[in-house]
Amino acid sequence: MDRLRPRQRQRPIFSGFTKAEIEKMEKLLLESRELLQSKEFCQKIARNFSLSSGRAGKPIVKWTEVQSWFVARQQESTSKVPSLNDTSKNQSKIPETCPLNNGHQSSQIIKEILHGLLGHVCLGVVSNVGEKVPDLSALEFEAKSSKDGAWYDVDMFLTHRLLSSGEAEVRVRFVGFGAEEDEWVNVKKAVRVRSIPFEHSECHKVTIGDLVLCLQERRDQSIYYDAHVVEIERKTHDIRGCRCLFLIRYDHDSSEERVRLRRLCYIPGQQN
């Protein structure tokens with residue numbers, strides 16, 4: 001499968017843009033839509049913003065923050081897909097419909113799938129005893145592709161089925177890919193709450209032995225794989241942010257490399 005572009009990580013949207021910067025990006029949203037997610041294009045915008053007189057005394061703008069803003073605005077403008085409870089909910093939800101004739105059976109299977117998701121995914125993000133389980137409609141998911149073993153953001157759940165073994169599978173569409181890349185994935189083994197990129201101030205949360213999601217960057221592709229932290233070299237932060245180095249070992253091929261924090265993502269509910 002030809003998946004040469006990294007998926008778009010869903011960082012919290014940067015809220016520190018000035019009014020003038022937002023107006024500029026709104027204009028670009030209308031004039032240059034085909035360039036908006038280009039790294040070079042976003043780097044140029046971020047550099048111009050950071051050097052402008054209006055940003056004097058304020059933090060520099062990162063190109064990923066510009067890109068995230070464009071991605072969020074484009075997603076807002078796309079049509080929504082019917083979800084379990086409301087047609088205006090997020091697309092990363094299992095739809096009410098399924099290819100079964102028996103309505104009661106269909107409803108029961110959906111409940112079983114949701115129970116499976118809640119049991120191994122949603123409960124994992126609850127940090128305190130007695131804390132309310134998150135509403136499914138508020139969660140976003142990622143799924144592990146059987147074709148390359150990498151994790152990709154889920155755009156939507158298309159349908160579902162039960163195997164003879166009793167295990168549930170869902171057919172997913174990945175963000176940034178068409179129907180030809182849709183896959184059946186195991187609910188318990190290959191679906192989880194979307195991972196979250198670490199911020200520069202969160203490097204202290206990473207410890208040896210942790211399971212993390214790491215962006216493996218190669219000359220021809222950049223893909224997210226599960227990895228374990230083997231060694232940490234703590235360094236003093238500077239204006240660029242965290243300068244620590246993390247030696248990680250990829251789970252899929254046992255290869256190792258040293259990476260910066262920017263390439264690591266936290267897996268919600270992960271227990272090492």
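Scroll up to find the structure.
This is a predicted model, so every value here is computed, not measured.

Thresholds, definitions, all that
- Residues numbered from 1 in each chain as written.
- Predicted model: local features only at pLDDT ≥ 70, side-chain atom pairs only at ≥ 80, totals over all residues.
- Heavy atoms only, no water.
- Pairing = 2+ DSSP bridges.
- Helix = DSSP H or I, 4+ residues; strand = E, 2+ residues; numbered from the N terminus.
- Buried < 20%, exposed > 50% of the residue type's maximum accessible area, 1.4 Å probe, protein only.
- Polar contact = N/O pair within 3.5 Å; in protein donor to acceptor, adjacent residues only side chain to side chain.
- Contact = heavy atoms within 4.5 Å.
- Axes fitted to C-alpha atoms, helices over the stretch in contact; angles between N-to-C directions.
- Parallel < 35°, antiparallel > 145°, perpendicular 65-115°, else oblique.
- Left-handed = near helix turned anticlockwise from the far one by under 90°.
- Nonpolar A, V, L, I, M, F, W, Y, C, P; charged D, E, K, R; others polar.

**Student:** Outline the pairing of strand β2 (residues 151-162), listing residues and values.
**Tutor:** Bridge count between strand β1 (residues 141-144) and β2: three bridges; the pairing is antiparallel. Directly across from Lys144, in β2, lies its bridge partner Trp151. Taking the residues between adjacent antiparallel strands as the criterion, β1 and β2 are bridged by six residues, where Gly149 takes a positive phi near 75 degrees.

**Student:** Describe the side chain of Glu21, with residues and values.
**Tutor:** By the element assignment, Glu21 lies in helix α1 (residues 19-31). The class for Glu21 is buried, based on a relative accessible area of 4%. For Glu21, the side chain forms a polar contact with the main-chain nitrogen of Thr18, separated by 2.9 Å.

**Student:** Summarise the environment of Cys203; cite the residues concerned and give the values.
**Tutor:** Considering the arrangement of structural elements, one finds Cys203 in the loop between β6 (196-197) and β7 (211-217). For Cys203, a relative accessible area of 8% puts it in the buried group. For Cys203 and Leu245, which are 42 residues apart along the polypeptide, the C-alpha to C-alpha distance reads 9.8 Å. For Cys203, the contacting residues outside a window of four places in its chain are Arg234, His237, Cys242, Cys244, Phe246 and Leu261.

**Student:** Explain the packing of α1 against helix α2 (residues 39-51) to me, and be specific about the residues and the numbers.
**Tutor:** At a minimum axis separation of 11 Å, α1 and α2 run at an interaxial angle of 155 degrees. By the criterion of interaxial angle, the relationship of α1 to α2 is roughly antiparallel. Crossing hand, α1 versus α2: right-handed. From α1, Glu21, Lys24, Met25 and Leu28 reach across to α2, where they touch Phe41, Ile45 and Phe49. The residue inventory of the contact of α1 with α2, partitioned by class, reads five nonpolar, no polar and two charged.

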